[in-house]
Amino acid sequence: MEEGPYKYIRDGNGKVSRVIRVGTRKSQLARIQTDSVAETLKELYPDIHLEIVAMSTTGDKILDTALSKIGEKSLFTKELENALERNEVDLVVHSLKDLPTTLPPGFTIGAVLKRENPHDAVVLHPSHAGKTLDTLPENSVIGTSSLRRAAQLKKRFPHLDFKDIRGNLNTRLKKLDEKKDFAAIILAAAGLRRMGWESRISQILEPDDCMYAVGQGALAVEVRARDADILEMVSILHDPDTVLRCIAERAFLRRLEGGCSVPVAVHTQVKDSQLYLTGAVYSLDGSNSLKETMQVSIAVGTQSSEKVDEQVQRVGVTANKIPGSVQDEAEKLGVDLADLLLSKGAKEILTVARQLNDVR
């Protein structure tokens, strides 16, 4: 039964419970990620009734063009947000790295879950089993649709050749295995692990070889900002360290005005109450780059019972269970690091990268 924008269900005992509709992309990975969030919510709130609504997005449909060439930031999120706006779903599960650093008005990220391994992974063609990027033959072709990965790896492994590869995880692995076009492909380790394909990971790329994308490895739950009850319900899913790392990363990217069409990479760590952020920008071929690290204390003072303003969003994230002052420090860290890179010429590097990418 429907009442206003909400949907309710009555069980055999006449008990009425609200149906929470969860939006997701149709890909297998998206479904696995959404199911895991739904299962966690079900364990925490046994009385709620969850319904999963799967839909295709623009990014799922345009498979013959490099993501960076499409130039649309909300490629995998727009259709899901439209459904959220029309009250067809109540929350949406995303890979955080797909969400732009500025969300459309009326939406917020109500939960950022504990981060899976954020690093990139090398998946080799079976004929190259046992090799690494270092030991692959000269001019071996490596598939990646990410300018960020290509820029870093071209510089680090000049003997290799990098080419675009699109499609979801299943499609890319198929292209790798069934043809001889690629010696290896680069994918996010998190996705491979969630799909249960960890055995295909030949090598995890450490930050010295390849730093990761902003938000990589973390899942985000997007909700309507005005839905206080849903916001409260999902806020229990927040992982504090992941939230602070991702606020810093997103603030860094937003200040640089980066997106899919420029090579920007990060590495974050929380250690001994310090948040460390390393950020870098690259030219498309990796020959020109800027990289710096900054840190900030995120120790919570004894007066940590401060009230957090639930209306405040930081780079699209609402985290009312984490002290606001600590979130502010994380956001400022990202902005300060971006400003440092901008003062050293990051704008010029990114402008050229954007222009060159447009004519590729």
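Residues numbered from 1 in each chain as written. Predicted model: local features only at pLDDT ≥ 70, side-chain atom pairs only at ≥ 80, totals over all residues. Heavy atoms only, no water.

Draft legend 1. Structural detail: the sheet that holds strand β14 (residues 274-282). An order of β13-β14-β15 is seen for the 3 strands of this open sheet, with the pairing classed as antiparallel. Whereas interior strands pair on both sides, the edge strands pair on one side only; in this sheet they are β13 (264-271) and β15 (289-297). For this sheet the average axis-to-axis angle between neighbouring strands, irrespective of direction, equals 15°. Sheet strands in contact with helix α11 (residues 346-359) are β13, β14 and β15, and its direction is about 50° off that of β14. (Pairing = 2+ DSSP bridges. Helix = DSSP H or I, 4+ residues; strand = E, 2+ residues; numbered from the N terminus. Axes fitted to C-alpha atoms, helices over the stretch in contact; angles between N-to-C directions. Contact = heavy atoms within 4.5 Å.)

Draft legend 2. Structural view of the pattern of salt bridges. Per the counting criterion, the structure on display carries 23 salt bridges. Salt-bridge contacts for Asp90 lead to Arg224; the nearest nitrogen and oxygen are separated by 2.9 Å. Note that Asp90 is positioned in the loop between α4 (78-85) and β5 (91-95) and Arg224 in strand β12 (residues 219-224), a separation of 134 residues in sequence. Across this residue pair, the class does not change: Asp90 and Arg224 are buried. Here Arg255 ties to Asp339 by a salt bridge, and the two come within 2.8 Å at their closest N and O atoms. (Salt bridge = Lys/Arg side-chain N within 4 Å of Asp/Glu carboxyl O. Buried < 20%, exposed > 50% of the residue type's maximum accessible area, 1.4 Å probe, protein only.)

Draft legend 3. Representation of the confidence of the model for the protein within the structure. Chain-level pLDDT for the protein is 89 on average; 88% of the residues reach the 70-or-more range. When the elements of the protein are averaged for pLDDT, helix α3 (residues 67-70) gives the smallest value, 46, and strand β7 (residues 120-124) the largest, 98. (pLDDT = per-residue confidence, 0-100.)

Draft legend 4. Examining the sheet that holds strand β10 (residues 184-188) more closely. Taken in spatial order, the 5 strands make up an open sheet running β9-β8-β10-β7-β11, and their pairing is mixed. Every interior strand has two partners, whereas the edge strands, β9 (161-163) and β11 (203-205), have only one. Ignoring strand direction, the axes of neighbouring strands in this sheet form an average angle of 30°. For strand β8 (residues 141-143) and β10, the ladder comprises 2 bridges, and the chain directions are parallel. For Gly143, the partnering residue across the bridge sits in β10 and is Ile185. Where helix α5 (residues 147-156) meets the sheet, it contacts β7, β9, β10 and β11, and its direction lies at approximately 125° from that of β10. Helix-sheet contacts for helix α6 (residues 169-178) involve β7 and β10, and the interaxial angle to β10 is about 165°.

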